[in-house]
Amino acid sequence: MFYREKLWLLREVIGKAGIIKEINIQGFKSLRNVRIQFPTNLTIVVGPNGSGKTALIESILLLKEILDYIKGRNPNPFGKWWGYRNVVWMGKTERPIRINLTVDLSNLLNILESIENKLEKKEVYGISSFMVDSLRGIVEKSRTIGYSIEVYDRGGIVSVREMIKADTIDFKMQLTRNSMKILYSSKKIEPLKSIEISPLPRPYLLLDKYIEFTRLINAGIPVSDAFENILDDYGYLLNLLKDYLEVPKFIVKLLPWTVVIFGTIIDGITCIREVDLKSIRSPQPLIWYDYLEYNVSNLIPVLYKIGRGRLTDAMEHALQVLFENTSVSGFFSLTPEGTVFFKLAIGDLELPPPSIPNGVWKVLAIEAALALNPTILLIDEFENSLHARVQEYLLDEIRESGVTAIVATHSPVPVDYTKDLREILVLENIGCETKASRLENVEELNEKLRKLGITASEALLYGFIKN
């Protein structure tokens, strides 16, 4: 199995285990302190212009920008916004931006236990029984764990700090690139013990270790061996504290899983914001991408790779829904220069890239994103170029995929395709600050809508129901 396929499989397990319980954003643009819980895997974000829909999408994208910064791919995670001042709350550069993720580990453990009889085969997920046993030990102590990343820019110097927290025990760990601090109490009645190591022999941020983890896999090392490498590294570091703090085995087991889970979640964030029509309508170099650009400019080579030179059945079916025609397909053409472009076939009619409708590209972009096994799927202005019928179809595709998805829209149409009113997240801007809320008492609301004879979108638009 190719190493990237191992990472995709790992991403599929983690991303589709439904483990993301909550995201809390503090200090980004209008999101002074926004907490989002996920009662279902699909969230449809609605609100007027300026309410913070795009800011919400961008705040989660910032996680990916930070990872790219640590990888050395990005000189500054705030560059696309022209500097830190333009994204921090109210331009207060003395304050950090903080993003907290809380995950529920129990469903991930259930999934791994269900495939445990296959785990000895290295080509299946690459996860060992040892990894499953260690995760089981973690869940017995704490079902949920939290990860917080804090980032700020002081005069062009970007600093990153991480914090890990287990909710059911008194344990916290803070990490920077050159220091580690642990706060832990073995008993509820005891005060927290604190110990710090500084400077560290080398960077020990979780994201640093995740990058090392993926590099080992890229070099052909089995996932389980790369996992144990992280365990050994943190074990060595924690062993330095043995004269000052008795570090429980739980924490030693927790750290490598925290690296793998949160690193995979952040690395697997996939976003569709706008569609760069000029790029995708032009022949593109046949490069083997394993990610989709935010503007889907690399869509054609990504599609070519996913389907190994053809569209997948899911992609063709989505196009057939778009055109209400079963004789719709697509194919790729290669040029002598090593570029590739896409043609659409409707019956006997062949459409070259400049003649393909915009909706086709949007449908293919969403289907490609789902095929890449994202951990979090973000779509801004979901409704653009899509007929209502196609919007409903794609929302069902997203639900069935199991991925945690946040879909922002200006249109009332997607709201009426909710399967559960809890899927709706309402944003408001109050005093230059975004407030987010889910609809409550959904059974009562459904009954009220039925009696009034109106849709959910009409009720929200005209204030018949309040968030």
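Quick notes on the rules
Residues numbered from 1 in each chain as written. Predicted model: local features only at pLDDT ≥ 70, side-chain atom pairs only at ≥ 80, totals over all residues. Heavy atoms only, no water. Helix = DSSP H or I, 4+ residues; strand = E, 2+ residues; numbered from the N terminus. Salt bridge = Lys/Arg side-chain N within 4 Å of Asp/Glu carboxyl O. Buried < 20%, exposed > 50% of the residue type's maximum accessible area, 1.4 Å probe, protein only. Axes fitted to C-alpha atoms, helices over the stretch in contact; angles between N-to-C directions. Parallel < 35°, antiparallel > 145°, perpendicular 65-115°, else oblique. Left-handed = near helix turned anticlockwise from the far one by under 90°. Contact = heavy atoms within 4.5 Å. Nonpolar A, V, L, I, M, F, W, Y, C, P; charged D, E, K, R; others polar. Pairing = 2+ DSSP bridges. Phe/Tyr/Trp six-rings, centres within 6.5 Å; stacked < 30°, edge-to-face > 60°. Lys NZ or Arg CZ within 6 Å of the ring centre and 35° of its normal. Expected span 1.5 Å × (residues − 1). Core = buried A, V, L, I, M, F, W, Y, C linked by side-chain atoms within 4.5 Å.

### Describing unusual backbone geometry
Look at the link from Ser198 to Pro199: it is a cis peptide, with omega at 0 degrees. For Pro199, the position within the fold is in the loop between strand 9 (193–197) and helix 5 (206–218). For Lys29, which is not glycine, the phi dihedral falls at a positive 50 degrees. Mapped onto the fold, Lys29 is located in the loop between strand 1 (20–28) and strand 2 (31–37).

### Here we look at the pattern of salt bridges
Taken as a whole and assessed by the stated rule, the structure comprises 23 salt bridges. A salt bridge links Lys80 to Glu65; its shortest N-O distance comes to 3.1 Å. Within this pair, whereas Lys80 is found in the loop between helix 2 (53–71) and strand 4 (97–104), its partner Glu65 is found in helix 2, the two being separated by 15 residues in sequence. Judged by its relative accessible area of 40%, Lys80 falls in the partly exposed class. The class of Glu65 is buried, set by a relative accessible area of 7%. Connected through shared salt-bridge partners, Arg202, Lys209, Glu212 and Asp233 make up one network.

### A short note on the packing of helix 9 (residues 299–306) against helix 11 (residues 358–371)
Contact geometry for helix 9 and helix 11: axes closest at 10 Å, N-to-C directions at 50 degrees. Accordingly, the angle class assigned to the pair helix 9 and helix 11 is oblique. Like other packed secondary-structure pairs, helix 9 and helix 11 cross with a definite hand, here left-handed. Note on element contacts: helix 11 touches helix 9 through Trp361, Leu364, Ala365, Ala368 and Ala371, opposite Leu299, Ile300, Val302, Leu303 and Ile306. Considered class by class, the residues forming the contact of helix 9 with helix 11 number 10 nonpolar, no polar and no charged.

### Re the pairing of strand 15 (residues 376–379)
The two faces of strand 15 match: Ile376 and Leu378 on one face and Leu377 and Ile379 on the other face are all buried. Bridge count for strand 10 (residues 269–272) against strand 15 is 4 bridges, and the pairing is parallel. Pairing of Thr270 across the sheet is with Leu377, part of strand 15. In this sheet, strand 16 (residues 404–408) lies alongside strand 15 in parallel orientation, the contact comprising 4 bridges.

### Details of the sheet that holds strand 18 (residues 434–438)
Reading across the sheet, the 6 strands line up as 10-15-16-3-17-18 and stay open at both edges, with mixed pairing between neighbours. A strand with exactly one partner marks an edge of an open sheet, and here the two such strands are strand 10 and strand 18. On average, adjacent strands in this sheet sit at an angle of 20 degrees to one another, irrespective of strand direction. Helix 12 (residues 388–401) rests against strand 3 (42–46), strand 15 and strand 16 of the sheet, and its axis sits at about 135 degrees to strand 3.

### Overview of the packing of aromatic side chains
In this description, an aromatic ring pair is defined by two values, namely the gap between the centres and the angle between the planes. Taken as a whole and assessed by the stated rule, the structure comprises 12 aromatic pairs. For the pair Tyr289 and Tyr291, a centre-to-centre distance of 5.6 Å together with 90 degrees between the ring planes defines the contact as edge-to-face. A residue is classified by how much of its surface remains accessible, and Tyr291, at 35% relative accessible area, is partly exposed. These aromatic residues form a ring-pair network of at least three members: Trp288, Tyr304, Phe332, Phe342 and Trp361. Residue placement shows Lys80 over the ring face of Trp81; its charged tip is 5.8 Å from the ring centre.

### With respect to the environment of Ile157
Mapped onto the elements, Ile157 comes out in strand 6 (residues 157–166). Once the C-alpha coordinates of Ile157 and Asn76 are considered, the two residues, 81 residues apart in sequence, prove to be 8.8 Å apart.

### Some thoughts on helix 4 (residues 129–141)
Given a rise of 1.5 Å per residue, 13 residues ought to cover 18 Å, and the 19 Å separating the end C-alpha atoms of helix 4 matches this to within 8%. Taken together, the buried positions of helix 4 are occupied by Met131, Val132, Ser134, Leu135, Gly137, Ile138 and Val139. Check the buried side of helix 4 and you find it contacts helix 3 (106–114), helix 6 (223–239) and helix 7 (249–267).

### A short note on the nonpolar core
If you look at the biggest cluster of nonpolar residues, it comprises 98 residues, and the most contacted ones within it are Leu108, Met180 and Trp257. With 11 residues, the top contributor of residues to this core is helix 7. When neighbours within four sequence positions are excluded, Leu108 is seen to be in contact with Val13, Ile14, Ala17, Ile19, Leu135, Trp257 and Ile261. If you look at the next biggest cluster of nonpolar residues, it comprises 60 residues, including Met315, Ile356, Ala365 and Val415.

Just geometry here; none of it tells us what the structure is for.
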